[in-house]
Amino acid sequence: MSKEIDAAQTIHLQGIGRHAAVPAVDLTAGDTLVWNFGETTEVDEVVEVSPQFVRVTERNRDGGTTERRLKKTRLVARRPAVTERSDSAPTTEVAPAAPVVTPDEVAELLARIAAAHARIVRREGATYLSDVLVHHFAHGLSYEADDEAFSARRAELRRSGRLRHVQAVVTKVRQVLTDHLGASYTRYRDVTADQIREAARAVAPPSVPWLIEDRAGEEVGRIEATSAEHARAATAGMPAVVAARGRAELVYRRVVPGDCAGTVPGLPAGAPVTYGSLRGSLNSMPVQRARLVLNRGGQTLAMFEAETQRCVSAGAHLDPREETYQVCLRYRPTDGIPRESITDWVAERTRREAIVMRYAELFHAANWTVEEYREPEYEEGGRERLTGLVLTAPASRPEQADPSRDAPARTAAVPTEFIGRSIPTRLRAAGAPGEMVTSATAGGVLRWRLPSGEELTPGEAAQRFLTD
């Protein structure tokens, strides 16, 4: 015999307070159930699965279905049915239009949620994403607000007519999180702040600088846009673009934060520069050997103005440790880039970390000893990012002798590689025609220019003119 429960009983819901509830056994198809923070579902089916339990199939407002196995005596909040008066005349009242939620609204709310989630997971690194964050921030409250404050805020929004819009924002944010995080969000699994930020960027991509050039590499203009298509549309009527388009086809190129696009600003023509390291480190053997690995791997070396040691083009920076015969490798951004020009520091740090990871892969493949150096990013909740490497060349690692054995040490031939003079020096010594220049058409990188105007990479020039 089932336990009798008064149907007028109530239960407490977060963000709402006390609400009328009924036992699960009394639910029927078509009932509207109410959950924490006012979320609602509609009952599709109720099936008895055992003498003590029922299975309730529900449909949410987005059309998705879920199943719950509930004890028959479990109290569930149910919205009272609305009875129509027989004497009421039919109305022609038009339902209000659905609130319009912009991508920027969703992205801004997700960014705030990510920042709060980062503070919560500072120690653990990842944890489930609480719906309390979504609802409280959408309602303009802090994470620490209690149910009383939440109820008061909802009442204020209802009186002002803004509650429906806030509810629409919550629905959209939850849909975006479901689309991008999947079961990690819906099943309360581990979620990181970076994953939430990625969802925000997918909804409303941030504006980034775009460089407009002609085929000769001459700059026509710059603009902030979310994509190349957006940049083209926004500059269609720009006088400089219209005039340049009449002469030749234009190229729209994204300016990566920290990198240098086009001709190096403020660098006098013919100014001496060094690549990969400062002038005082050029003759270091570990630096020269590391440069060979980077060149073979197609990695860009940082360019420094020799006199001021200013980095004028981003890339790999090698700094020797002569006492241990090691070399430190970092990614060096261009000096003088305004910090405020980088609109998304998380994406920029991720990009730089990926570059350093590529460095590590190259040196691992070349049989170097690679020690990783990581630094915490306090703006990202203390997350540690790979920022540098300490490298030891394979031939420079000393063999460990066994002191318990008196046998004479055996010698082994170890393949080594000697890096002597640089390619430009060897080309000039060999009398190769032309000179090494900083090519504007190649994006400000080093090229060997022949008298005919043809430009070759250092490797191509070495293959053509050096036979040793």
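Here the structure is shown first, and the text comes after it.
What counts, and where the lines are drawn
- Residues numbered from 1 in each chain as written.
- Predicted model: local features only at pLDDT ≥ 70, side-chain atom pairs only at ≥ 80, totals over all residues.
- Heavy atoms only, no water.
- Buried < 20%, exposed > 50% of the residue type's maximum accessible area, 1.4 Å probe, protein only.
- Helix = DSSP H or I, 4+ residues; strand = E, 2+ residues; numbered from the N terminus.
- Salt bridge = Lys/Arg side-chain N within 4 Å of Asp/Glu carboxyl O.
- Pairing = 2+ DSSP bridges.
- Axes fitted to C-alpha atoms, helices over the stretch in contact; angles between N-to-C directions.
- 1 Å grid on protein atoms, 1.4 Å probe; cavity = no way out; pocket = protein on both sides within 12 Å on 5 of 7 lines; lining within 4 Å.
- Points joined across faces, edges and corners; volume = space filled by probe spheres on them.
- Phe/Tyr/Trp six-rings, centres within 6.5 Å; stacked < 30°, edge-to-face > 60°.
- Lys NZ or Arg CZ within 6 Å of the ring centre and 35° of its normal.
- Contact = heavy atoms within 4.5 Å.
- Parallel < 35°, antiparallel > 145°, perpendicular 65-115°, else oblique.
- Left-handed = near helix turned anticlockwise from the far one by under 90°.
- Nonpolar A, V, L, I, M, F, W, Y, C, P; charged D, E, K, R; others polar.

Visitor: I'm lost on unusual backbone geometry in this one. Help?
Guide: Located in the positive-phi region is Gln309, a residue other than glycine, with phi close to 60°. Residue Gln309 is classed as partly exposed on the basis of its relative accessible area of 45%. In this structure, Asn367 takes a positive phi of about 70° despite not being glycine. Considering the arrangement of structural elements, one finds Asn367 in the loop between helix H10 (345-365) and strand E16 (369-377).

Visitor: I'm lost on the pattern of salt bridges in this one. Help?
Guide: Two side chains with opposite charge may pair up if their charged atoms get near one another. Within the structure shown, the criterion is met by 18 salt bridges. Here Glu48 and Lys72 are joined by a salt bridge, their closest N and O atoms 2.4 Å apart. Here the residue Glu48 occupies a position in strand E4 (residues 40-48), and Lys72 occupies one in the loop between strand E6 (65-71) and strand E7 (75-77), the gap between them amounting to 24 residues. Residue class for Lys72 comes out buried when judged on its relative accessible area of 15%. Among the ionic pairs, Glu454 bridges to Arg464, the shortest N-O distance being 3.5 Å. Taken together, the positions of Glu454 in the loop between strand E19 (445-449) and strand E20 (455-456) and Arg464 in helix H12 (residues 458-465) put the pair 10 residues apart, joining distant regions of the chain. Look at the salt bridges and you will find they share partners, linking Asp194, Arg197, Glu353, Glu372, Arg374 and Arg385 into a network.

Visitor: In this structure, what is going on with the sheet that holds strand E13 (residues 311-313)? I would like to understand it.
Guide: Strand pairing in a sheet takes place through backbone hydrogen bonds and is either antiparallel or parallel in direction. Taken together, 3 strands build an open sheet; the order of strands is E11-E12-E13 and the sheet is antiparallel. Two strands lie at the open edges of the sheet, namely strand E11 (273-275) and E13, each paired on one side alone. Neighbour to neighbour, the strand axes of the sheet diverge by 35° on average, direction disregarded. Here 2 bridges tie strand E12 (residues 303-305) to E13, and the two strands are oriented antiparallel to one another.

Visitor: Can you help me understand empty space enclosed by the protein in this one?
Guide: To find leftover empty space, a probe the size of one water molecule is rolled over the atoms. Scanning the entire structure with this criterion turns up 1 cavity of 30 Å³ or more. If you add up the space inside the largest cavity, you get close to 70 Å³. Around the largest cavity, the lining comprises 10 residues; the ones closest to its centre are Phe37, Glu39, His135, Arg154 and Gln167. Counting residues per element, the lining of the largest cavity draws most heavily on helix H4 (residues 163-181), at 3 residues.

Visitor: Whenever I open this one, the packing of aromatic side chains confuses me. Can you help?
Guide: Where two aromatic rings form a pair, the distance of their centres and the angle of their planes describe that pair. Under the definition given, this model contains 1 aromatic pair. Residues Phe363 and Trp368 carry aromatic rings whose centres are separated by 5.1 Å and whose planes lie at 80° to one another, so their mutual orientation is edge-to-face. Here the two residues Phe363 and Trp368 agree in accessibility, since each one is buried. The cationic tip of Arg68 hangs over the ring face of Trp35; the distance from NZ or CZ to the ring centre is 3.9 Å. The aromatic ring of Phe137 is capped on one face by Arg112, whose charged end is 4.9 Å from the ring centroid.

Visitor: Could you clarify how one ought to interpret helix H6 (residues 193-203) in this entry?
Guide: Residues spaced three or four apart along an α-helix face the same direction, because each turn holds 3.6 residues. Every buried residue of H6 is accounted for by Ala193, Asp194, Ile196, Arg197, Ala199 and Ala200. Looking at the buried side of H6, the elements it contacts are helix H1 (103-120), H4, H10 and strand E17 (383-392).

Visitor: Just to check I follow, could you spell out the pairing of strand E2 (residues 17-23) for this structure?
Guide: Regular strands have side chains that alternate between both faces of the sheet. Counted residue by residue, E2 has 5 buried out of 7 residues, so it is predominantly covered. Note that strand E1 (residues 10-13) and E2 share 4 bridges and pair antiparallel. Paired with Leu13 across the bridge in E2 is Gly17. Sheet topology note: the E2/E7 ladder contains 3 bridges and is antiparallel. Directly across from Val22, in E7, lies its bridge partner Val76.

Visitor: I would appreciate a short explanation of the packing of H4 against H6 in the present structure.
Guide: Helix-helix packing is described using two parameters, namely the angle between the two axes and the distance between the axes. Interaxial distance between H4 and H6 falls to 10 Å at its minimum, and their mutual angle equals 110°. Of the possible angle classes, the one that applies to H4 and H6 is roughly perpendicular. Considering how the two elements wind past one another, H4 and H6 form a crossing that is right-handed. Facing Val176, Leu177, His180 and Leu181 of H4, the residues of H6 in contact are Gln195, Ile196, Ala199, Ala202 and Val203. A class-by-class count of the residues in the contact of H4 with H6 yields 7 nonpolar, 2 polar and no charged.

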